[in-house]
Amino acid sequence: MPPDGAGERLDRLLALWYEGVSRARVQDWIRAGCVRVGGEPATRPSQSVDAGVRIEVTPPAALEPKRREGAALDVLFQDEHILAIDKPAGLIVHPREGGGRGDSLAEVAELHYGPLPPISGAERPGIVHRLDMDTSGVIVLARTDVAARSLVDQFQARTVEKVYHAFVQGDPRFDSEWIEAPIERHPRSHERMHIAEEGEGREAETYYEVRERFGHTTLLECRPSTGRTHQIRVHLEHVGLPILGDRLYTGGRTRRPSRAGRPTIGRQALHALTLRFDHPATLERTQLEAPLAADLEALLAALRAGSAG
């Protein structure tokens, strides 16, 4: 091993050596016993490597991930510190725990742009916040440790401004509303979150404004001040405005067949439109915006056409 790698994490070092191989994939190799350090099988991706120690790697074909053909990222902004992506619906943000995962946003980003800093453990390279798999829109990744610390601090301090657009079932009574209701994991479903009893759960606040009304469907602009899992989806269901296409949070309503001329939405109609934060290096207030996803643009056009008819 070259001397300049002394003291480095094993998984990070191997990801640097193998161009185009993500740290998550290297971790799979290590856990499968395919990496030997000093003649002994490596046991932990996080173990440090001493100078002069021999490292042997035999990547198994079975652990090669099935990569999306033609996988590409829609880059909104990039520099040496951050990478902003317009994430499509259907793409997970970080690798799932356990084996057998496909490409995630983090893995694809590392494939194209090289290793990203480990955040909250090496399983989440570059990820300082997240979007649900079926939520589209703008997401920012850190490319350096310094940028990661800055962005994590800003999200925790709630100085990052987040704007979402959501198409919901129902006609809100008010043009705007603050929803303040704590959120916790559902006791009978690990996949779901729900509104917690008073004094329990984690604080959560969401503000929304009506952008357009279409009878029984409404376009809302949502500004969450906290970042709980599924927060907007849970809060809107809580006030009787479940998001169109959301399979988890339906407000107790059965899905109705799509009306004639209205596109079918196969995912929750939720889009992360805008992020505003202080750039980690320049400290300038930075705004990143992702245009409404094509399927939601089609939905909006159909709703407008129906209202005009």
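See the structure printed just above.
Residues numbered from 1 in each chain as written. Predicted model: local features only at pLDDT ≥ 70, side-chain atom pairs only at ≥ 80, totals over all residues. Heavy atoms only, no water.

Per the secondary structure count, the chain includes 6 helices and 14 strands. A fraction of 64% describes how many contacts in the chain between residues 6 or more apart in sequence connect residues 24 or more apart. Roughly 15500 Å² of accessible area belongs to the chain as shown, and the carbon and sulfur atoms make up 47% of that amount. (Helix = DSSP H or I, 4+ residues; strand = E, 2+ residues; numbered from the N terminus. Contact = heavy atoms within 4.5 Å. Areas by Shrake-Rupley, 256 points an atom, 1.4 Å probe, with all protein chains shown as cover.)

This part takes up the side chain of glutamine 154. Mapped onto the elements of the fold, glutamine 154 is located in helix α4 (residues 145-156). The exposure class assigned to glutamine 154 is buried, which follows from its relative accessible area of 8%. (Buried < 20%, exposed > 50% of the residue type's maximum accessible area, 1.4 Å probe, protein only.)

Moving on, we come to the side chain of serine 136. Looking at the secondary structure, you find serine 136 in strand β6 (residues 136-142). Residue serine 136 is classed as buried on the basis of its relative accessible area of 2%. Of note is the side chain of serine 136, whose polar atom sits 2.8 Å from the side chain of histidine 271. Setting aside anything within four residues of it in sequence, one finds serine 136 in contact with Lys87, Pro88, Ala89, Leu131, Arg267, Leu270, His271, Ala272, Ala293 and Leu296. (Polar contact = N/O pair within 3.5 Å; in protein donor to acceptor, adjacent residues only side chain to side chain.)

Looking now at unusual backbone geometry. Despite not being glycine, arginine 158 has its phi angle at roughly 60°, a positive value. Tracing the backbone shows arginine 158 in the loop between α4 and β7 (161-169). Of note, the phi angle at leucine 283 is positive, near 65°, even though the residue is not glycine. Mapped onto the secondary structure, leucine 283 falls in the loop between β13 (270-278) and β14 (285-289). Judged by relative accessible area, leucine 283 falls into the exposed class, the value being 62%.

The antiparallel open sheet is built from 3 strands, whose spatial order is β2-β1-β3. Strand pairing shows two members of the sheet lacking a second neighbour, β2 (40-41) and β3 (55-57), which therefore form its edges. Sheet analysis places strand β1 (residues 35-37) next to β2, joined by 2 bridges and oriented antiparallel. If you follow valine 37 over to β2, its bridge partner there is glutamate 40. Strands β1 and β3 of the sheet are contacted by helix α1 (residues 10-17), whose axis makes an angle of about 65° with β3. (Pairing = 2+ DSSP bridges. Axes fitted to C-alpha atoms, helices over the stretch in contact; angles between N-to-C directions.)

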